[in-house]
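# Structural description and commentary
Letter by letter, the chains look like this.
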Amino acid sequence: MRRFRLGTTLLSAGLFLVCGAATTLAAAQRYCPPGGILSTADNASMSIGSGAVYCLHLGAGDGFTQMADGSPAYIFGFQDEVAKGFPLDTLVPDSTLGAQFPAPTLRLKEGNTYFINLTNVGLQNRPDLFDPHTIHFHGFPNQITLYDGEPMGSFGTNMGATFTYFYQPHDPGTYMFHCHQEAAEHMQMGMLGAAFIDPIQNDNAAMLALGSARGGGAPAYQGFAYNDNDATTGYDVQMPLQLAAFDPYFHWNDMCYQPPRFAFMDDLYPMFNGRGYPDTVNTDDNTAHNINVGLGHTCDVPISPTEGKTFWDGEPPYQGSRPMNSLVTVAANRKALLRIYSLSTTSFHTIESLGIPMRVVGRDARIFRGGGGVPSGLPREYLANSVTLGGGESIDVILDTTGIQPGTYFMFARELDHLNNNQEGRGGMMTEIRVTP
Ligand SMILES: [Cu+2]
């Protein structure tokens with residue numbers, strides 16, 4: 001905790017430009033370099049071309065989301081300020097209680113340049129706290145300390161302040177980002193998202209056309225997981241798949257001014273992309289903003305395992321808080337790339353695909369090739385029906401539906417206690433792969 005606020009600090013390409021005007025809670029500033037393209041954080045256009053400059057803006061604060069059994073959960077989280085479009089002079093108050101889980105997906109491209117503004121909009125439900133927030137790109141090679149978001153090595157962004165991160169991604173692959181401030185708490189509370197780097201090979205028309213060479217009317221590939229030089233990581237559809245889970249007691253404690261229960265963290269809501277089954281296949285994108293909805297809860301009644309909803313008094317502000325599902329829809333004789341990443345704070349997860357083999361093409365943002373992962377290295381890909389990830393790890397899996405009968409297939413965590421939504425069975429970390437004719 002700190003007892004003063006930093007002014008808005010703008011940093012670009014190693015050049016320090018300290019803005020003289022102190023930022024207040026009522027005003028935010030967004031840095032965008034000349035020629036920079038303002039883009040929504042999860043807009044696929046950010047991954048087009050090479051040498052482009054993009055300017056993004058994330059807010060960090062608190063909010064509420066809904067578990068698959070209907071229970072609410074108080075969260076800390078990120079939101080996409082460009083997509084929400086609030087005026088900058090009221091961005092901070094407008095953004096309160098707007099956190100979403102997972103965070104907006106950051107789809108970046110090798111060779112482009114990204115300025116990512118982070119505004120700390122404060123914790124509306126915890127005015128006693130003035131926690132800073134950060135963006136930490138987990139696994140980025142050669143990240144400089146200033147933009148690494150690890151607060152003991154650099155700093156966190158204080159309430160009401162905006163800091164501009166600068167990234168030039170060079171190494172394609174599946175990464176993840178999270179707030180690193182008091183990480184055990186802020187990660188358990190939901191400040192987790194996907195960050196993946198598209199390879200420059202996506203610009204290679206001849207390589208993309210190899211998709212059509214599969215015959216049977218197959219289209220060109222949509223893209224590749226890596227610069228593989230042989231199109232083995234080509235895909236027709238792709239999806240990031242986040243493994244993370246919530247401990248409802250931890251979240252209740254944070255909502256109700258109780259000490260976080262670090263030593264007893266017990267993730268009773270395992271989730272794919274912020275939802276437990278069957279909510280994982282609900283295509284409602286839940287994108288409306290939840291501004292100006294009353295908190296509606298009372299902390300008088302402690303949460304109980306059997307009646308998690310009793311502390312709510314009225315309709316909780318859910319909208320916009322869980323924008324992603326994890327339903328994979330792919331045609332037969334095509335390829336779906338799953339960018340599986342774990343930001344679990346408690347458990348390993350073993351994810352099984354029933355009926356569609358998984359071809360593991362990369363791990364921890366490295367293509368599976370000999371010779372240090374160079375494209376000319378020998379293939380090290382392998383087929384599996386399950387993969388196991390600890391927190392902070394990623395695995396790139398291609399589901400090849402060649403010869404697979406159209407129908408619904410399941411992908412799920414093989415730990416049976418991860419297939420629940422707290423007390424509700426047949427839920428948790430499970431989703432569907434729908435293979436269409
Ligand atoms: Cu944080």
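Computed from a predicted model, the values in this text were never measured in an experiment.

Here is what the cut-offs are and how they apply
Residues numbered from 1 in each chain as written. Predicted model: local features only at pLDDT ≥ 70, side-chain atom pairs only at ≥ 80, totals over all residues. Helix = DSSP H or I, 4+ residues; strand = E, 2+ residues; numbered from the N terminus. Buried ≥ 20, exposed ≤ 12 C-beta atoms within 10 Å, placed from the backbone. Contact = placed C-beta atoms within 7 Å. Pairing = 2+ DSSP bridges. Axes fitted to C-alpha atoms, helices over the stretch in contact; angles between N-to-C directions. pLDDT = per-residue confidence, 0-100. Core = buried A, V, L, I, M, F, W, Y, C linked by C-beta atoms within 7 Å.

### Quick look at the overall build of the protein chain
Counting its secondary structure elements, the protein chain contains 6 helices and 25 strands. The burial tally for the protein chain puts 51% of its 437 residues in the buried class. Nonlocal contacts in the protein chain, meaning residues at least 24 apart in sequence, comprise 72% of its contacts between residues at least 6 apart.

### Some points on the sheet that holds strand E25 (residues 430-436)
Ordered in space as E16-E25-E24-E18-E22, the 5 strands form an open sheet in which the pairing is mixed. The two strands at the open ends of the sheet, each matched to only one other strand, are strand E16 (328-331) and strand E22 (386-389). Neighbour-to-neighbour, the strand axes of the sheet open up by a mean angle of 20°, direction not taken into account.

### Some points on helix H5 (residues 248-255)
Of all 8 residues making up H5, 7 are buried, and the element is well covered by its neighbours. Along H5, the positions that sit buried rather than exposed are Pro248, Tyr249, Phe250, His251, Trp252, Asp254 and Met255. Considering only its buried residues, H5 is in contact with strand E5 (72-80), helix H3 (183-188), strand E14 (237-246) and strand E15 (269-272). Once H5 finishes, Tyr257 follows within two positions and takes phi at roughly 65°, a positive value.

### Considering the sheet that holds strand E6 (residues 106-109)
Taken together, 4 strands build an open sheet; the order of strands is E6-E11-E10-E8 and the sheet is mixed. Edge strands, defined here as strands with exactly one partner in the open sheet, are E6 and strand E8 (136-138). The mean inter-strand angle of the sheet, taken between neighbouring strand axes irrespective of direction, is 30°. As paired strands, E6 and strand E11 (residues 192-198) are joined by 4 bridges and run parallel to one another.

### Side note on the pairing of E11
Extensive coverage of E11 is indicated by the burial of 7 of its 7 residues. Residues Leu192, Ala194, Phe196 and Asp198 of E11 are buried on one face, and the alternating residues Gly193, Ala195 and Ile197, pointing to the opposite face, are buried as well. By the bridge criterion, 6 bridges tie strand E10 (residues 173-178) to E11 in an arrangement that is antiparallel. Bridge pairing in E11 places Met176 opposite Ala194.

### Side note on the confidence of the model for the protein chain
Here the protein chain shows a mean pLDDT of 85. Residues at 70 or above account for 85%. Every residue in residues 1-23 is under pLDDT 50, and counting partners more than four places away or in other chains gives 40 contacts. Across residues 304-317, confidence stays below pLDDT 50; counting only partners more than four residues off in sequence or on other chains, it has 31 contacts.

### Examining the nonpolar core
The biggest cluster of nonpolar side chains holds 97 residues, and the ones touching the most others in it are Ile116, Met191, Ala195, Ile340 and Leu399. The residues contacting Leu399, other than those within four sequence positions of it, are Val330, Lys335, Ala336, Leu338, Ser353, Ile356, Met358 and Ile433.

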